[in-house]
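Working through the structure, step by step
As a plain string of letters, each chain reads:
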Amino acid sequence: MSEQALQSLGEVLLAEPRGFCAGVDRAIEIVERALQKFGAPIYVRHEIVHNTFVVNDLKAKGAIFIEELADVPPGATLIFSAHGVSQAVRQEAAQRGFQVYDATCPLVTKVHVEVAKLHREGYEFIMIGHKGHPEVEGTMGQLSDGIYLVEEVGDVPHVRVKDPAKLAVVTQTTLSVDDAAEILAAVKQHFPQVREPKKQDICYATQNRQDAVKLLAPQVDVVVVVGSPTSSNSNRLRELAERLGTPAYMVDGAEDLQAAWFEGRQRVGLTAGASAPDVLVQAVITRLRALGATTVRSLPGVEEHVRFPLPLGLGDKSMAEHAASRS
């Protein structure tokens with residue numbers, strides 16, 4: 001621990017909003033309710049959300065995370081992660097006879113429904129997203145063909161479609177808002193007749209957390225983002241702060257903080273990705289106080305009141321009551 005950091009570090013500014021979104025809260029609650037109702041083990045395809053602490057906590061309670069459905073025993077309870085799954089995975093789960101609960105974020109499901117609807121009308125699709133991300137695999141896996149992934153502006157001219165007049169665009173929900181807008185502009189320039197979503201696919205929580213960093217970053221000397229390396233939306237927050245000219249670091253927890261990051265810097269900005277629980281943020285604040293921070297204050301920001309219903313059969317306690325009990 002640096003003595004200089006102890007003397008110079010003063011204030012911590014908290015981004016608002018930060019941390020859990022409604023889709024993440026719902027997904028975690030689905031696993032916890034299933035464990036309470038059916039007992040361990042409960043099988044979850046892919047990490048329920050991309051956060052190490054959350055996954056390890058659920059493992060300790062009896063959740064088993066798998067990638068291949070062949071690893072799930074007959075008759076088991078299976079939960080699909082918040083990122084969504086392909087039609088092939090759904091069909092395999094049905095054939096194997098699992099009791100399935102779907103924790104796919106409703107905003108991701110909305111994209112899947114739109115893809116299915118427009119496909120029936122003869123449309124092909126451009127998907128803006130990151131190759132290999134489970135949400136992208138799930139959305140592209142809604143169709144057997146006719147959906148093309150674009151990761152950057154330079155990919156757009158290489159897309160070949162059957163009919164430019166029957167082309168629609170969808171996006172991964174956790175992208176950088178600015179990056180997605182830039183790629184979408186290139187798509188529209190190359191395919192002027194492309195059909196855009198009625199409402200932007202990037203989710204409200206991703207948008208709000210990025211807007212909060214845009215407000216936060218210019219007011220601080222360094223930004224800390226609480227989030228796991230696999231979390232797309234957390235990575236985008238760190239990248240956004242750096243793009244705005246503020247050094248930024250992403251940490252899985254307080255133990256990852258390095259005193260050298262704060263040497264000669266008086267004001268620290270703190271935020272968290274949509275899959276990072278508040279307990280980790282509080283631990284980071286405690287560590288920053290140990291490094292010399294004297295005050296902590298929240299910036300004004302959008303208040304979120306979104307709640308998503310649980311699947312049928314998983315209890316009656318409301319999301320609001322559940323969130324209050326866990327906070």
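Quick look at the structure, then.

The rules behind the values
Residues numbered from 1 in each chain as written. Predicted model: local features only at pLDDT ≥ 70, side-chain atom pairs only at ≥ 80, totals over all residues. Heavy atoms only, no water. Phe/Tyr/Trp six-rings, centres within 6.5 Å; stacked < 30°, edge-to-face > 60°. Buried < 20%, exposed > 50% of the residue type's maximum accessible area, 1.4 Å probe, protein only. Pairing = 2+ DSSP bridges. Helix = DSSP H or I, 4+ residues; strand = E, 2+ residues; numbered from the N terminus. Axes fitted to C-alpha atoms, helices over the stretch in contact; angles between N-to-C directions. Salt bridge = Lys/Arg side-chain N within 4 Å of Asp/Glu carboxyl O. Expected span 1.5 Å × (residues − 1). Contact = heavy atoms within 4.5 Å. Polar contact = N/O pair within 3.5 Å; in protein donor to acceptor, adjacent residues only side chain to side chain. Core = buried A, V, L, I, M, F, W, Y, C linked by side-chain atoms within 4.5 Å.

Considerations on the packing of aromatic side chains
Within the structure shown, the criterion is met by three aromatic pairs. For the ring pair W261 and F262, a centre distance of 6.2 Å and an interplane angle of 70° mean the geometry is edge-to-face. F262 carries the same exposure label as W261, and that label is buried. Taken together through their ring pairs, the aromatic side chains of Y249, W261 and F262 make up a single cluster.

Considering the sheet that holds strand β10 (residues 248-251)
The sheet built from five strands is open, its strands ordered β10-β9-β11-β1-β12 with parallel pairing. Two strands in the sheet have a free side with no partner beyond their single neighbour: β10 and β12 (295-298). Averaged over all adjacent pairs, the angle separating strand axes in this sheet is 25°, with direction ignored. As judged from the four bridges shared by strand β1 (residues 11-14) and strand β11 (residues 267-272), these two strands associate in the parallel manner. By the bridge assignment for β11, L13 is matched with G269.

Description of the pattern of salt bridges
Enumeration according to the criterion identifies 16 salt bridges in this entry. Residues participating in the shared-partner salt-bridge network are E11, R267 and R297.

Looking at helix α8 (residues 204-216)
The terminal C-alpha atoms of α8, which comprises 13 residues, lie 18 Å apart, in line with the 18 Å expected from a rise of 1.5 Å per residue. Within α8, the full set of buried residues consists of A205, T206, N208, R209, Q210, A212, V213 and L216. Among the structural elements, β1, α7 (177-190), β9 (222-226), α9 (232-243) and β11 are those in contact with the buried residues of α8.

Things to note about the side chain of Q172
One can find Q172 in the loop between β8 (167-171) and α7. A distance of 3.0 Å separates a polar atom in the side chain of Q172 from a polar atom in the side chain of T174. Reaching out from Q172, the side chain makes a polar contact with the side chain of S232 at a distance of 3.4 Å. If sequence neighbours within four positions are ignored, Q172 has contacts with M127, I128, G129, H130, H133, E135, V136, I202 and S232.

Considering unusual backbone geometry
Here the bond from E16 into P17 is cis, since omega is -5°, no more than 30 degrees from zero. Along the polypeptide, P17 turns up in the loop between β1 and α2 (22-38). Backbone torsion omega between A40 and P41 reads 0°, so that peptide bond is classified as cis. Turning to its location among the elements, P41 is positioned in the loop between α2 and β2 (42-45). Here the phi dihedral of H46 falls at roughly 70°; this positive angle occurs in a residue that is not glycine. With respect to the helices and strands, H46 occurs in the loop between β2 and α3 (52-61).

A word on the nonpolar core
Judged by nonpolar contacts, the single largest core of 31 residues is most densely connected at V31, I48, V49 and I79. Taken together, the elements giving at least two residues each to this core come down to α2, β2, α3, β3 (63-66) and α5 (106-120). Ranked by residue count, the leading element in this core is α2, at eight residues. Setting aside residues up to four positions removed in sequence, V31 forms contacts with V44, I48, L58, A63 and I79. Formed by 23 residues, the second largest nonpolar core is a distinct cluster that contains L9, V268, I285 and L291.

Everything listed is a geometric property; what it means functionally is a separate question.
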